[in-house]
Every structure is written in C-alpha cells, then in structure tokens.
Amino acid sequence: MSDGARMLEAAKAEHLWPRPPLWAMALGVAAAGLLLGYPFIFTAPFAHHLMFLILLYALMAQSWNVVAGFSGQISLGHAIFFGIGAYSATVLFVKFGLTPWIGSLVGMLVSALAAITIGVPTLRLRGHYFAIATLLIGFSVQIVFQRWEWVGAASGLYVPIERTSPWFYLQFHNSKVPYYYLVLAAAALGYLLVWKLRRSRFGFRLQALRDDSEAAASLGIAIARHKVLAFVISAAMMSVAGSIYGQYVLVMDPERLFSIELSIIVLLMTVLGGSGTLWGPAVGAAILIPLSEYSRIWFGGTGRTVDLIIYGILILLVCMWRPSGILSLFAERIRRRRVHS
C-alpha cells in the first residue's frame, strides 16, 4: 500500500468528534445531577426563579445560535417568535379553552410558518442587510400586536387563574418547582437537538455556508433552502420558550414580548459564551442572568441600567481578547493537552 493510500485510510479512521476527556465527562454528570436536584438543594423561591430564567434564556440563546452561530445570519428580530409562542398558548386558552400544551404546538407551527415567510425573501441578504431587515420586521410585528384588539392590543392579555389540573393548564400557584422542571426539560431537548444537528450532514452544510457561502454553493449546497430550514428550527425553539414564559408570568405584554431588547440580550449571551458552540449560549446565560437579577436587587430601580452597562463592558472585553467567546478558552486548553499528550 502506498503512503498516500495509508494516509487516506488513517484519515478515514480518525474520529471526527474526539471523545471528551474524563474530567469533562465527570463534570457533565455532576452538572446534570446538580440541575436535577437543584430545587431541593436551594429551596428559596428566588433561587428557583433565577434558575428558571437561566434555563429559559439558555434555550433562547441556543435558538439564536442555530441561525447565527451555524449559518452565519445575524437576526435582530428573534423576539418575534418568542412573542408568537407566548400569544399562541395564551390566546387559544383564553378564547377557546385549549390547554397550553396544544397552544405551544400551534405556536411552534405558526412560528415556523412565520420564519418561512420572513426567511424566504430576507435570507438572500447578507451581513448587516439581513440584520436590519429582521430588526424592522420585529418592530412591525410589535406594532401589529399593540393595535390588534382581538389579542388585547397594547393592554395585552391576562391568563385566567385555574387552580384545578395544574399540569393541564400549566399553572402552578404554590411552587415554582414545576416550572423549573418544565423549562429544564425544554432546554435539555433543545440542546440535544442542536447536539445532533451539529453532527449531522445538515449541520456541516450550515457551517460551510457560514464560513464560505460561495465555496459551499460551488459544491452543490442549496444556500437559500438550508438557511431557511435553520431559521425554521430556530423559530420553533424560540416559540417553545415563549409559550413557557407566558404561562409563568400569566400576562401578555406586547411591548415586552416583542421587544428589540430581548433579541439583543439573547445575542449578547451567545456571543459572550461562544457563538457556534454547543454550550456557549448556556455559559452566556449563566453569567448575564444572575448579573441582571442581582443588579436589580443591589441597585433598586437603577439596576436595569447598571446591568446593561456591565453587559456592554463584558462584550467589549470578549471582543478584544476572546472573540470566539469564553468557552473557546477551555477548548483551546483541551487541544493543547491533546497535542502534548
């Protein structure tokens, strides 16, 4: 066998996804155990609320990561799908008495259709043009809901209180623990989906589009179709987060649910942790959400401004010294150990 043939066989036998080190696997098992037992370790309602928000935003950031981190399209209007999910579950319950479980599925379908409607014409744009287009569409959708009387207009909707069949109505008035496990399950499924996506042919094609769309097109990859599919997956994930949040707060406020601020915060979390990575969005959410919540406690009404200032400083530092995100620091150390071992 020639040297070239041997090199080719060795390349084929090489694992595309190397097995993580034992310490990383042990850390993952410990983290999973901590998440499952968290409500019984930390029993304060605020601790449950804080972790609920971390998991919710981790799911939302992962949703944004699918379209931006994998296919390279920066969306500034992702709050559209969050609001659609929240309103779908609530409106179907208020108007027709349907369980929020069905409303959540309808929200995913409506969000997917909205993603197709928005994505087909706009995903042909590149760079800041697509970002500007999604920003303007996000403002337009918010204005529509603020003037749509059937869904409460600017006043929003209030979810009727139901004290029977908590899991049917997704209303838990005595404890936040069920909400915690609900969002934990949703986040786990979302991250499992993205983990499978990254290892699939579709995921590799998305990353090829992100790195060099012209080269990918020359290899026969349908650019528009793949970007739209990624946008649909991202929208459906975001819609699930919106449905859960709507049942958690029981108040639909279009100014909050469709706000540009929500889209920006999700973007910041992903960039801070590491765009295009699996765990980067979770790392960003685990840093920024406690920072936001505790700044409100420490500084009162001005805390909302303080956390945004700190957000900006953190993103500036990351862009200057670690453009790939905080998670890239650990990935770099793992690669160095493998080289020296």
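Here the structure is shown first, and the text comes after it.
Overview of the structure. (Residues numbered from 1 in each chain as written. Predicted model: local features only at pLDDT ≥ 70, side-chain atom pairs only at ≥ 80, totals over all residues. Heavy atoms only, no water.)

### Things to note about the overall build of the chain
Of the regular secondary structure elements, the chain holds 16 helices and two strands. At a minimum sequence separation of 6, the contacts of the chain that also span at least 24 residues come to 75%. Accessible surface computed for the chain: about 17500 Å², of which carbon and sulfur atoms make up 69%. (Helix = DSSP H or I, 4+ residues; strand = E, 2+ residues; numbered from the N terminus. Contact = heavy atoms within 4.5 Å. Areas by Shrake-Rupley, 256 points an atom, 1.4 Å probe, with all protein chains shown as cover.)

### Observations concerning the environment of A187
By secondary structure assignment, the location of A187 is in helix 8 (residues 177-198). The class for A187 is buried, based on a relative accessible area of 6%. (Buried < 20%, exposed > 50% of the residue type's maximum accessible area, 1.4 Å probe, protein only.)

### A look at a nonpolar patch on the surface
A cluster of nonpolar residues, F96, L98, I102, V106, V110, V144, W148 and W150, forms a patch on the protein surface that exposes about 690 Å² of accessible area. The element best represented in the nonpolar patch is helix 5 (residues 100-122), accounting for three residues. The topology assignment puts V106 in helix 5. By relative accessible area, V106 is classed as partly exposed at 31%. (Patch = residues over 30% accessible without salt bridge, like charges linked within 9 Å, V, L, I, M, F, W, Y side chains within 5 Å. Salt bridge = Lys/Arg side-chain N within 4 Å of Asp/Glu carboxyl O.)

### Topic: the pattern of salt bridges
Taken as a whole and judged by the stated rule, the model has one salt bridge. For R210, the salt bridge goes to D211, with nearest N and O atoms at 3.1 Å. Residue R210 is classed as partly exposed on the basis of its relative accessible area, which comes to 31%.

### Quick look at the nonpolar core
With 85 residues, the main nonpolar core has Y57, M60, F81 and Y87 as its most contacted residues. With 18 residues, helix 3 (residues 45-70) is the single largest residue contributor to this core. Apart from residues no more than four positions distant in its own chain, M60 is found in contact with F82, M238, A241, L262 and V266. (Core = buried A, V, L, I, M, F, W, Y, C linked by side-chain atoms within 4.5 Å.)

Function cannot be read off these values alone, since they describe shape.
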